[in-house]
Amino acid sequence: MYVPVGRPYLGEEEKKYAYDAIEQGAISGFFGEYIKKFEDGFAKYCGSAHGVAVNSGTTALHLATATLRLKPGDEVLVSTFTNMASFFAVLYQGAIPVPIDSEPDTWNMDPALLEEKITPRTRAIMVVHIYGHPADMDPIMAVAKKHNLLVIEDAAEAHGAEYKGKKAGSFGDIGCFSFYANKIITTGEGGMIVTDSKKHAERGKMLKSLAFGESPDKFIHQDIGYNYRMTNLQAAIGLGQLEKIDFLIGKKRELAAFYHEALKDIPELQLPVEKPYAKNVYWVYHLVLRGALKGKRNAVIAALKEKGVESREAFMPYNAQKEVVTKGLAKYEDCPVANNIGENGFYLPSGPILSDEEKVHVVTSFKEVLAKV
Ligand SMILES: Cc1ncc(COP(=O)(O)O)c(C=O)c1O
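Residues numbered from 1 in each chain as written. Predicted model: local features only at pLDDT ≥ 70, side-chain atom pairs only at ≥ 80, totals over all residues. Heavy atoms only, no water.

Thoughts on the overall build of the protein chain
Scanning the protein chain for helices and strands turns up twelve helices and 14 strands. The C-alpha radius of gyration of the protein chain comes to 21 Å, within 12% of the 21 Å expected for a compact globule of 373 residues. If you take every contact in the protein chain between residues at least 6 apart in sequence, the share linking residues at least 24 apart comes to 69%. Entry remark: accessible area of the protein chain is about 15,900 Å², with carbon and sulfur atoms responsible for 55%. In the protein chain, which carries 44 positive and 47 negative side-chain charges, the distance between the mean positions of the two groups comes to 1 Å. (Helix = DSSP H or I, 4+ residues; strand = E, 2+ residues; numbered from the N terminus. Rg over C-alpha atoms; globule rule 2.2 N^0.38 Å. Contact = heavy atoms within 4.5 Å. Areas by Shrake-Rupley, 256 points an atom, 1.4 Å probe, with all protein chains shown as cover. Lys, Arg positive; Asp, Glu negative; His and termini not counted. Charge placed at Lys NZ, Arg CZ, Asp CG, Glu CD.)

Here it is, written out as structure tokens:
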């Protein structure tokens, strides 16, 4: 048996809508009904007024920093424990990311560390809802308000996650999502920004499509634009996925409950939490080795692989990336909590539709591995 870390779940609706898009010849990012349907449907799901579909989570993040006009020299406080795309989106604008260390239990940005990093150049906070658990938004939004900072949410992993009943991605000026194949819902590659601001949505729409002018002045471009368009074919798949998003989240939560029950009595494992304020969508079931198992992460991953169980190491925090440290952009010592997660964290197979046999195989193999390493 081989259990991969993730596997998309696609059904009849996706086939039907994609087939329809093909039948109509509406396969680009310019024409076709599915783009708007998916944008409107997903934005509504998030509790946001507008959605602008793009071709990846990375381009969603960049579209957010470009739409908000981050510029060279601006400083942005970013959760250090994240996919590097969050940092790249700041760097693409020539702005300066400032890494913020993590909370030890949720692995999200620690709001208590924000104020000490604020300078006269600070313009924004980029908060990441890591692995599907929402960040602690009240104190983060309070700091943003007090210091007049923009807030960008990287909700690439947190579709449908909730903070005090409100959806991730709907708190800041702009929320960003990924629809990569392993995400909660997928379009293969894809992304979206959501916002309540008509102004941001219009600017995002303009920038994502080469900043074309309005007809008949299409080729009088309004700005330096990008081609970040999602295709109608991808949006058709996205619409099919959106119809089953609550089912998919339910499956993720069921799997997390199964793993939790099987692993909760092993003291060397720090398991994912669900804070009282949170609905965790458990994008992946990520855990951190501690005590006698600290430092054995790579050995555990290798031994699991031998047993046909794929697992994946945690992100390496920004402040620990060689490129970053060598260039003097951050120091390894800046974020000790995140360093520990990055060095001792990994996730188990987390696809939404693992069979019962696969689930049992994962936990049995994992326990055998832990007893031996
Ligand atoms: C937190 C986070 N941000 C951004 C991205 C980038 O998204 P994409 O791979 O769609 O470009 C990802 C995922 O891959 C992610 O996990």
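Regarding the packing of aromatic side chains
Here a ring pair, both rings aromatic, is described through the centre-centre distance and the interplanar angle of the planes. On inspection of all chains with the given rule, the structure shows 25 aromatic pairs. With a centroid separation of 5.2 Å and an interplanar angle of 85°, the aromatic rings of Phe42 and Phe179 are classed as edge-to-face. A residue pair is termed long-range when its members are at least 10 positions apart, and Phe42 in helix 2 (residues 33-46) and Phe179 in the loop between strand 8 (174-178) and strand 9 (191-195) qualify at 137 residues. Here Phe42 matches Phe179 in class, with each residue buried. Their ring planes at 75° and their centres at 5.8 Å tell us that Phe81 and Tyr131 sit as a pair that is edge-to-face. (Phe/Tyr/Trp six-rings, centres within 6.5 Å; stacked < 30°, edge-to-face > 60°. Buried < 20%, exposed > 50% of the residue type's maximum accessible area, 1.4 Å probe, protein only.)

As for the nonpolar core
Phe38, Phe42, Phe81, Tyr131, Phe179, Ile185 and Ile245 are the most contacted members of the largest nonpolar core, which totals 44 residues. Those elements that place two or more of their residues in this core are helix 1 (12-24), helix 2, strand 9, helix 7 (232-242), helix 8 (245-263) and helix 11 (336-344). Sorting elements by how many residues they give to this core places helix 2 first, with seven residues. Mapped onto the domain boundaries, this core takes at least three residues apiece from domain 1 (12-242) and domain 2 (245-372). (Core = buried A, V, L, I, M, F, W, Y, C linked by side-chain atoms within 4.5 Å. Domains from an automatic or database assignment.)

Some details on the domain arrangement of the protein chain
Here the protein chain is partitioned into domain 1 (12-242) and domain 2 (245-372). Overall, the association of domain 1 and domain 2 removes approximately 3,200 Å² of surface from exposure, summing both partners, and the carbon and sulfur fraction of that is 66%. Where domain 1 touches domain 2, the interface holds one salt bridge. In this structure, Asp105 engages Lys275 in a salt bridge whose closest nitrogen and oxygen atoms are separated by 2.6 Å. Counting every contact that joins domain 1 to domain 2 gives 16 residue pairs in polar contact (both at pLDDT 80 or more). At the level of secondary structure, the elements contributing two or more residues to the side of domain 1 that touches domain 2 comprise helix 2, helix 4 (85-91), strand 3 (96-100), strand 6 (162-163) and helix 7. With three residues, the single largest contributor to the side of domain 1 that touches domain 2 is strand 3. Here the residues of the side of domain 1 that touches domain 2 are counted per class, giving 21 nonpolar, eleven polar and eight charged. (Buried area = accessible area lost by both parts, 1.4 Å probe. Salt bridge = Lys/Arg side-chain N within 4 Å of Asp/Glu carboxyl O. Polar contact = N/O pair within 3.5 Å; in protein donor to acceptor, adjacent residues only side chain to side chain. Nonpolar A, V, L, I, M, F, W, Y, C, P; charged D, E, K, R; others polar.)

Topic: the site of the ligand
Taken together, the neighbourhood of the ligand is formed by 16 residues, with Gly57, Thr58, Asp154, Glu157 and Ser178 sitting nearest. Asn83 is positioned such that a nitrogen or oxygen atom in its side chain is 3.3 Å from an oxygen atom of the ligand. The side chain of Asp154 places a nitrogen or oxygen atom 2.7 Å from a nitrogen atom of the ligand. Protein contact buries 90% of the 380 Å² of open area that the ligand shows by itself. (Near = heavy atom within 4 Å.)

Structural notes on the state of the cysteines
Using the criterion set out here, one finds zero disulfides in the structure. The thiol of Cys176 is not disulfide-bonded; the next cysteine sulfur, from Cys46, is found 11 Å away. (Disulfide = S-S within 2.5 Å.)

Looking at the pairing of strand 8
The buried count for strand 8 comes to five of five residues, which makes it a mostly enclosed element. Residues Ile174, Cys176 and Ser178 line one face of strand 8 and the alternating positions Gly175 and Phe177 line the opposite face, and both faces are buried. The pairing of strand 5 (residues 150-154) with strand 8 spans three bridges and is parallel. Bridging from a neighbouring strand, Ile152 pairs with Ile174 of strand 8. In this sheet, strand 9 lies alongside strand 8 in antiparallel orientation, the contact comprising four bridges. For Gly175, the partnering residue across the bridge sits in strand 9 and is Val194. (Pairing = 2+ DSSP bridges.)

Description of the side chain of Lys252
Along the chain, Lys252 turns up in helix 8. It is Glu157 that comes nearest to the buried, bridge-free Lys252 among opposite-charge side chains, at 10 Å. Ignoring sequence-local partners within four residues, the contact set of Lys252 consists of Ile184, Val281, Tyr282, Trp283, Ser350, Gly351 and Pro352.

Overview of the side chain of Ser79
Within the secondary structure, Ser79 is located in strand 2 (residues 75-79). Judged by its relative accessible area of 2%, Ser79 falls in the buried class. Among all residues touching Ser79, those that are not within four sequence positions of it are Phe87, Ile100, Met109, Met126, Val127 and Val128.

As for the sheet that holds strand 6
In space, the three strands of this open sheet follow the order 7-6-11, with antiparallel pairing throughout. Looking at strand neighbours, the two that pair on one side only are strand 7 (166-167) and strand 11 (278-279), the edges of this open sheet. Bridging between strand 6 and strand 11 involves two bridges; their strand directions are antiparallel. Counterpart to Glu162 in the pairing with strand 11 is Lys279.

Some words on the packing of helix 2 against helix 7
Helix packing for two helices is described by the angle between their axes and how far apart those axes are. Where helix 2 meets helix 7, the closest approach of the two axes is 8 Å, and the angle between their N-to-C directions is 40°. Once helix 2 is placed against helix 7, the crossing between them reads as left-handed. Here Glu33, Tyr34, Ile35, Lys37, Phe38, Gly41, Phe42 and Tyr45 of helix 2 lie close against helix 7, whose contacting residues are Asn232, Ala235, Ala236, Gly238, Leu239 and Leu242. The class makeup of the residues in the contact of helix 2 with helix 7 is nine nonpolar, three polar and two charged. (Axes fitted to C-alpha atoms, helices over the stretch in contact; angles between N-to-C directions. Left-handed = near helix turned anticlockwise from the far one by under 90°.)

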